[in-house]
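The chain contents come next:
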Amino acid sequence: MADQFNVLVICGSLRKGSYNAALTRALPGLAPPGMKFVTAPAFETLPLYNGDMQEVSGFPGPAQDLAAAVRAADGVLFVTPEYNWSMPGGLKNAIDWVSRMKNQPFEGKPVAIQSCSQGPLGGARMQYHWRMSMTFLKAFIFGTPEVFVGNAATKFNKDTLELTDQGTKDAVKTQLTAFAKFIGRVKAGV
Ligand code: FNR
């Protein structure tokens, strides 16, 4: 039997018609056997990170929920747009909150990234910034193959937002298979 891996999916877009959210919905059909996806708890109600607030009232509920979900996962997959050549502020804020917790949950956690953008580079610049933040948090960042979905409007059905582009499906499938192996190696300590 294939190993079972639970992968927490954190989507960086809050938009109803989001291409990144649409990509997360395609994941189960492209995953290797044994890889299951869990949707991250919502983070959009988090206040902006403020150390004074943390000292006075502790961590807000959504930050605690997100941290618990990261801890419970075998791996984390960020699927997120690029905003102004970097990561979306809301997503960064959520990770800033989680990162201040004792035994911060990204340490030693396998992490992979996918991004969709309506520009031609598919969010590449955001991915490199995200890798830097995750490196600081001592996550184990999955390297290649990378998934950049550029010109996203041409890769999803206009009405249903179903992923239609075969090249993208192949790229996601290849990455998820390699990420499953990576998670297995991290869990086995090799
Ligand atoms: C963008 N967009 C964008 N695209 C890109 O390729 N590079 C960028 O730096 C930016 N910057 C940017 C900033 C902000 C504030 C917004 C709202 C948008 C366009 C972006 O790729 C497009 O809106 C995507 O559709 C966003 O992803 P979702 O919401 O469809 O998942």
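You'll find the structure just up there.
As the structure is a computational prediction, the values presented were derived from the model and not from experiment.

(A) Just the overall build of the protein chain, in detail. Looking only at helices and strands, the protein chain features 6 helices and 6 strands. Along the protein chain, from the amino end to the carboxyl end, the secondary structure elements read β-α-β-α-α-β-α-β-α-β-β-α. A compact globule built from 190 residues should have a C-alpha radius of gyration of about 16 Å, and the protein chain, at 16 Å, falls within 12% of that. Considering only C-alpha atoms, the protein chain reaches an extent of 50 × 40 × 25 Å along its principal axes. Once local pairs closer than 6 in sequence are excluded, the contacts in the protein chain between residues at least 24 apart make up 81%. Within the structure as shown, the protein chain displays about 9,600 Å² of accessible surface, and the carbon and sulfur contribution to it stands at 54%.

(B) Main features of the pattern of salt bridges. Tallied over the full model, the rule gives 4 salt bridges. Among the ionic pairs, Asp159 bridges to Lys158, the shortest N-O distance being 3.8 Å.

(C) Representation of the packing of aromatic side chains. Under the definition given, this model contains 8 aromatic pairs. Between Tyr49 and Trp97, the aromatic rings sit 4.8 Å apart at their centres with planes inclined by 70 degrees, giving edge-to-face as the arrangement. In this pair, Tyr49 is assigned in the loop between β2 (35–39) and α2 (51–57) and Trp97 in helix α4 (residues 89–99), connecting sequence segments 48 residues apart. Classification of Tyr49 as partly exposed rests on a relative accessible area of 30%. Residue Trp97 is classed as buried on the basis of its relative accessible area of 0%. Note on Phe179 and Phe182: the rings are 6.3 Å apart at their centroids and 25 degrees apart in plane angle, and the pair reads as stacked. Of this pair, Phe179 and Phe182 both sit in helix α6 (residues 166–188), 3 residues apart, roughly one helical turn. Members of the aromatic cluster, each reached through a chain of ring pairs, are Tyr49, Phe59 and Trp97.

(D) Expanded view of the side chain of Glu82. On the secondary structure map, Glu82 appears in the loop between β3 (75–79) and α4. Polar contacts involving the side chain of Glu82 include one to the main-chain amide nitrogen of Arg125, which spans 2.9 Å. Within the structure, the side chain of Glu82 is placed 2.8 Å from the backbone nitrogen of Met126, a separation counted as a polar contact.

(E) The arrangement of the environment of Phe5 in detail. Relative to the helices and strands, Phe5 resides in strand β1 (residues 5–11). On the basis of relative accessible area, Phe5 is assigned to the buried category, the value being 7%. In the structure, Phe5 is positioned 178 residues away from Ile183 in sequence and 7.9 Å away in space, judged by C-alpha atoms. Residues contacting Phe5, with those up to four places away along its chain left out, are Gly34, Met35, Lys36, Asp74, Ala180, Ile183, Gly184 and Lys187.

Rules used in this analysis
- Residues numbered from 1 in each chain as written.
- Predicted model: local features only at pLDDT ≥ 70, side-chain atom pairs only at ≥ 80, totals over all residues.
- Heavy atoms only, no water.
- Helix = DSSP H or I, 4+ residues; strand = E, 2+ residues; numbered from the N terminus.
- Rg over C-alpha atoms; globule rule 2.2 N^0.38 Å.
- Contact = heavy atoms within 4.5 Å.
- Areas by Shrake-Rupley, 256 points an atom, 1.4 Å probe, with all protein chains shown as cover.
- Salt bridge = Lys/Arg side-chain N within 4 Å of Asp/Glu carboxyl O.
- Phe/Tyr/Trp six-rings, centres within 6.5 Å; stacked < 30°, edge-to-face > 60°.
- Buried < 20%, exposed > 50% of the residue type's maximum accessible area, 1.4 Å probe, protein only.
- Polar contact = N/O pair within 3.5 Å; in protein donor to acceptor, adjacent residues only side chain to side chain.

Purely spatial values, then, with no claim about function.
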